[in-house]
Amino acid sequence: MPANKTIAVIGCGAVGASCASSIILRNVSCELLMVDINQKVAEGQALDLADSQFLSSTKLVNAPERLVSS
């Protein structure tokens, strides 16, 4: 298991999703926090990336809405 650390991906578009996928596949962190201004996009990307979680011990976490609201 990787070191006890959290990595936040801010922005869950194409680039953010690619970075998140690489983080999962390389088993870089314990926890991956997905943050986007549109909470539905972050949830959708997290669901898509959850399919690859069996390859890694990285846990996916969606940011609560209170963190992304302005």
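Located above this text is the structure these notes cover.
Right, let's walk through the structure included here. From a predicted model like this one, the values you see are computed outputs, not experimental measurements.

1. Brief notes about helix H1 (residues 14-26)
The α-helix winds at 3.6 residues per turn, so residues separated by three or four positions along the chain end up facing the same way.
Argument step 1. The end-to-end C-alpha distance of H1 is 18 Å, a good match for the 18 Å that 13 residues give at a rise of 1.5 Å each.
Argument step 2. Among the residues making up H1, those that are buried are Gly 16, Ala 17, Ala 20, Ile 23 and Ile 24. The buried residues of H1 occupy one face: seen down the axis, they fall within an arc of 125°. Turned more than 90 degrees away from the buried face of H1, the exposed residues are Ala 14, Val 15 and Arg 26.
Argument step 3. Looking at the buried residues of H1, the elements they touch are strand S1 (6-10), strand S2 (31-35), helix H2 (39-50) and strand S3 (59-62).

2. Considering the sheet that holds S3
Argument step 1. Strand order in the open sheet formed by 3 strands is S1-S2-S3, with parallel pairing between adjacent strands. The sheet is open, and its two borders are formed by S1 and S3, each paired with just one other strand. Going across the sheet, the axis of each strand differs from the next one's by a mean of 25°, ignoring polarity.
Argument step 2. Two strands pair when backbone bridges link them, and S2 and S3 are joined in this way by 4 bridges, in the parallel orientation. Paired with Leu 33 across the two strands is Val 61, which belongs to S3.
Argument step 3. Contacting S2 and S3, H2 crosses the sheet at an angle of about 165° to S3.

3. Examining the pairing of S2
Argument step 1. Sheet topology note: the S1/S2 ladder contains 5 bridges and is parallel. Pairing of Ile 10 across the sheet is with Val 35, part of S2.
Argument step 2. Taking the sense of rotation as the criterion, the β-α-β connection linking S1, H1 and S2 turns out right-handed.

4. Here's the deal with the environment of Cys 30
Argument step 1. Within the secondary structure layout, Cys 30 lies in the loop between H1 and S2.
Argument step 2. The exposure class of Cys 30 is buried, given its relative accessible area of 13%.
Argument step 3. Measuring from C-alpha to C-alpha, the distance between Cys 30 and Thr 58 comes to 4.7 Å, with 28 residues separating the pair along the chain.

5. Let's talk about the environment of Lys 5
Argument step 1. Its location among the elements puts Lys 5 in the segment before S1.
Argument step 2. Residue classification places Lys 5 among the partly exposed residues on the basis of a relative accessible area of 39%.
Argument step 3. Leaving out residues up to four positions away in the same chain, Lys 5 has contacts with Val 28, Ser 29, Cys 30 and Glu 31.

Criteria and thresholds
Residues numbered from 1 in each chain as written. Predicted model: local features only at pLDDT ≥ 70, side-chain atom pairs only at ≥ 80, totals over all residues. Heavy atoms only, no water. Helix = DSSP H or I, 4+ residues; strand = E, 2+ residues; numbered from the N terminus. Expected span 1.5 Å × (residues − 1). Buried < 20%, exposed > 50% of the residue type's maximum accessible area, 1.4 Å probe, protein only. Arc of directions from axis to C-beta. Contact = heavy atoms within 4.5 Å. Pairing = 2+ DSSP bridges. Axes fitted to C-alpha atoms, helices over the stretch in contact; angles between N-to-C directions. Right-handed = clockwise from strand over helix to strand, strands pointing away.

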